[in-house]
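# Inside the fold
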Amino acid sequence: MKQNVAKDRRLKRSSAERGLLAWRVVSRPRRVVINLSLIFLIAGSAYDIVTDQEHWPFSQYPMFSGVWRSPTFTWLRLFGVTADGHEFPLDANRYIAPFDQSRLPKALRRMLDERDGTARARAALADCLARYEELRRDDRHDGPPIVAMRLYELEWTIDPQADNLNEPDRRRFIAEVRP
Amino acid sequence: MIRAAVARWNRFWFEPGPASTLGTCRLLFFGFLFLWQLPHDFTPWGAYSSVFWMPIWLFDTFGIPPFTPHTLAWIQIAWKAALFLSAVGLFTRPAMTIAFVLGGYLMGLPHNFGQTQHFDTLVVFASGALALSRAGDACSLDALIDASARRSAHPPADDGEYTWPIRFVWVAMALAFGAAGFAKLRHSGLEWIFSSNLAMLLLRQQYHISDGEPLTNWGIWVANHRPMAQVMAASAVAIESLFPLALFSRRARYVLVPAGLAFLIGIRTLMGPTFEQFMMCYVFWVPWSRVFAAVRQRIVFGAERLVLYDGGCGTCSRAAIILSRLDGLGRLRYADVTSDWSILSSIYPRLDHDACLADMHVIVNPGDDPRWGGVSVVAGFDAYRSVAWVVPLGWIALPFAYVPGVAWIGRRGYRMFASHRTTTSCPVPSAAK
């Protein structure tokens with residue numbers, strides 16, 4: 001028993017010594033810089049995790065952390081309007097690049113939640129319309145030329161097969177822009 | 001107590017490790033990032049009107065603006081060039097610093113447009129760690145240039161400098177996974193697992209609401225099999241929450257690191273969010289030097305080659321040193337014609353001393369291994385082409401070396417270069433101190 005304890009101590013000491021030796025191979029100024037960067041990473045991350053905040057690139061990584069209970073959900077979606085009045089959803093990233101179908105609706109939602117929300121959203125739609133046409137001219141998507149862009153809020157009941165993708169339960173018009 | 005804690009800290013971060021592992025991580029990480037980012041264009045972000053500008057704290061605090069498309073175009077050219085140079089390891093330290101600074105700006109820029117996404121946070125941390133590191137000491141052009149200048153065929157000794165950047169990425173990844181698991185438990189508790197939550201999320205993702213489309217529609221099938229969805233939810237929370245254990249336990253690492261990768265692939269496949277850049281950081285979990293050693297030990301990549309070089313010629317010595325650093329499979333051996341001639345001539349009496357001094361010679365299969373059909377001797381361009389068969393980097397050039405006409409040009413080019421070589425025009429570099 002005693003022998004085992006002594007052996008354990010020796011092992012611990014040699015392990016600690018290895019740690020200190022590892023320390024010595026790196027020069028002192030570099031050691032300071034490296035340790036500060038390590039502490040910065042750990043402390044910055046810990047702060048965001050504990051306070052449930054986000055300071056990119058630090059984050060508490062909250063994506064999908066809530067429980068989704070509702071059988072329905074709403075989402076903002078852009079629609080293009082062709083010269084003959086046909087309306088079609090811009091539901092692929094290629095129509096709105098470099099935005100995507102997550103970031104753009106969330107950006108528009110944040111705008112709409114502000115006091116002059118509709119005016120801001122109209123300005124944003126004008127940008128998106130110009131971008132759509134630019135991408136079309138560059139053959140970056142196969143969409144038709146459009147004469148207007150509309151913003152709707154769509155509401156779906158979540159279908160077990162997602163078959164109602166193109167048939168939302170409700171569609172609320174928010175804004176329209178023309179060139 | 002404090003001393004023990006300090007020792008433990010130091011051992012974790014600064015335990016001596018091989019330069020080749022960090023060098024390979026650098027090469028693969030920046031190489032993948034370069035290829036991934038090459039088609040991505042950041043310039044349109046500069047064209048949006050100010051209504052879209054909702055700065056995140058980093059840009060807000062330091063007053064960093066969205067630059068014009070023209071300026072962004074130049075920034076991204078510089079960034080992608082820096083990524084390429086960081087990957088190949090040329091001007092490695094400044095290239096990695098530029099890659100970190102410009103990448104931090106460009107990758108952060110889209111997050112100022114309404115939503116902060118999380119697929120690139122780890123890339124920023126990994127770039128930062130590498131920018132501070134000595135990752136260019138191996139597997140880089142800088143290392144080859146340095147080795148040839150210092151006339152040192154030996155790779156750098158194991159050092160703590162080659163460990164901490166890798167562990168930095170480990171810790172950053174463990175914090176990301178751990179935080180995501182903790183967030184689920186904090187906001188939803190076990191309801192996240194035992195309710196129909198994941199089934200609903202999987203179905204909702206089919207309505208074109210993600211930054212990337214799910215690669216398959218298998219999410220619908222999973223959502224319609226509630227026990228399966230709950231098992232997946234439990235696995236997700238378990239992998240994320242337990243991932244930090246991978247930092248301290250090798251057994252946990254063997255399970256959690258592949259599980260974490262499978263989890264990210266599962267997210268991409270079933271739900272859509274694009275974590276490809278996050279996945280690139282998995283290269284830091286592979287003990288590359290041990291992988292290379294195992295490959296060398298178990299697989300024979302062609303016959304050994306004995307490289308005969310003129311040790312009195314600086315160019316030839318440098319060439320031999322560079323070959324020795326590129327010889328990842330350990331198939332090359334070396335003999336200096338000037339100093340080792342008596343031994344060489346006794347073993348290979350047909351060798352001509354003057355010819356060996358004039359051209360680099362390679363003896364294929366010097367041990368006369370019957371598996372490879374006996375000894376053969378090649379010289380000049382053909383010697384280099386023979387070496388290319390057993391040096392991994394040479395495999396890139398090998399197909400071109402056999403294109404009709406290339407050998408003719410190569411032999412004449414080599415002849416021209418070798419005939420203009422003298423001991424005064426290519427002095428022997430001084431040995432490394």
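Residues numbered from 1 in each chain as written. Chains lettered and ligands numbered in written order. Predicted model: local features only at pLDDT ≥ 70, side-chain atom pairs only at ≥ 80, totals over all residues. Heavy atoms only, no water.

Our focus in this paragraph is the overall build of chain B. Summing up its helical and strand segments, chain B has 21 helices and four strands in all. Taking the principal axes of its C-alpha atoms as reference, chain B extends roughly 80 × 55 × 50 Å. Across the 433 residues that make up chain B, the buried fraction comes to 52%. When contacts within chain B are restricted to residue pairs at least 6 apart in sequence, long-range pairs at least 24 apart make up 76% of them. If you sum the accessible surface of chain B, you get close to 19,700 Å²; carbon and sulfur atoms cover 68% of it. (Helix = DSSP H or I, 4+ residues; strand = E, 2+ residues; numbered from the N terminus. Buried < 20%, exposed > 50% of the residue type's maximum accessible area, 1.4 Å probe, protein only. Contact = heavy atoms within 4.5 Å. Areas by Shrake-Rupley, 256 points an atom, 1.4 Å probe, with all protein chains shown as cover.)

Turning our eyes to something else, we now look at the packing of aromatic side chains. In this structure the tally under the stated criterion is 38 aromatic pairs over all chains. The interplanar angle of 80 degrees and the centroid separation of 5.3 Å between the aromatic rings of Phe73(A) and Tyr207(B) together place this pair among those described as edge-to-face. On the criterion of chain membership, the pair formed by Phe73(A) in strand 1 (residues 72–81) and Tyr207(B) in the loop between helix 10 (197–204) and helix 11 (218–223) is interchain, its members lying in two chains. We classify Tyr207(B) as buried; its relative accessible area is 0%. Aromatic side chains Trp53(B) and Phe59(B) sit 6.2 Å apart centroid to centroid with 75 degrees between the ring planes, which places their arrangement in the edge-to-face category. On the basis of relative accessible area, Trp53(B) is assigned to the partly exposed category, the value being 22%. An aromatic cluster of at least three residues, connected via ring pairs, comprises Phe99(A), Trp45(B), Tyr48(B), Phe52(B), Trp53(B), Phe59(B), Phe67(B), Tyr105(B) and Phe113(B). Positioned over the ring face of Trp68(A) is Arg204(B), at 4.2 Å from the centre of the ring. (Phe/Tyr/Trp six-rings, centres within 6.5 Å; stacked < 30°, edge-to-face > 60°. Lys NZ or Arg CZ within 6 Å of the ring centre and 35° of its normal.)

Turning next to the sheet that holds strand 1 of chain A. Residues and elements named next belong to chain A. Strands sit in the order 2-1-3-4 across an open sheet of four strands; the sheet is antiparallel. The outermost strands of the open sheet, each flanked by one partner alone, are strand 2 (87–89) and strand 4 (170–177). The sheet shows a mean angle of 30 degrees between the axes of neighbouring strands, taken without regard to direction. With 10 bridges connecting them, strand 1 and strand 3 (residues 148–157) associate as antiparallel partners. Looking across to strand 3, one finds that Gly80 is bridged to Met149. Strands in contact with helix 5 (residues 117–137) are strand 1, strand 2, strand 3 and strand 4; relative to strand 4, the strand with the most contacts, it is inclined by about 75 degrees. (Pairing = 2+ DSSP bridges. Axes fitted to C-alpha atoms, helices over the stretch in contact; angles between N-to-C directions.)

Structurally, Asp91(A) is set in the loop between strand 2 and helix 3 (93–96). Those residues in contact with Asp91(A) that sit more than four places away from it in its chain are Arg77(A), Gln101(A) and His208(B).

On to the packing of helix 2 (residues 28–51) of chain A against helix 1 (residues 2–14) of chain B, then. Put simply, helix 2 of chain A and helix 1 of chain B touch, their axes get as near as 13 Å, and they point 95 degrees apart. Regarding the angle of helix 2 of chain A to helix 1 of chain B, the classification is roughly perpendicular. Residue-level inspection shows Ile34(A), Asn35(A), Leu38(A), Ile39(A) and Ile42(A) of helix 2 of chain A in contact with helix 1 of chain B, the latter providing Trp9(B), Trp13(B) and Phe14(B). In the contact of helix 2 of chain A with helix 1 of chain B, the residues fall into seven nonpolar, one polar and no charged. (Parallel < 35°, antiparallel > 145°, perpendicular 65-115°, else oblique. Nonpolar A, V, L, I, M, F, W, Y, C, P; charged D, E, K, R; others polar.)

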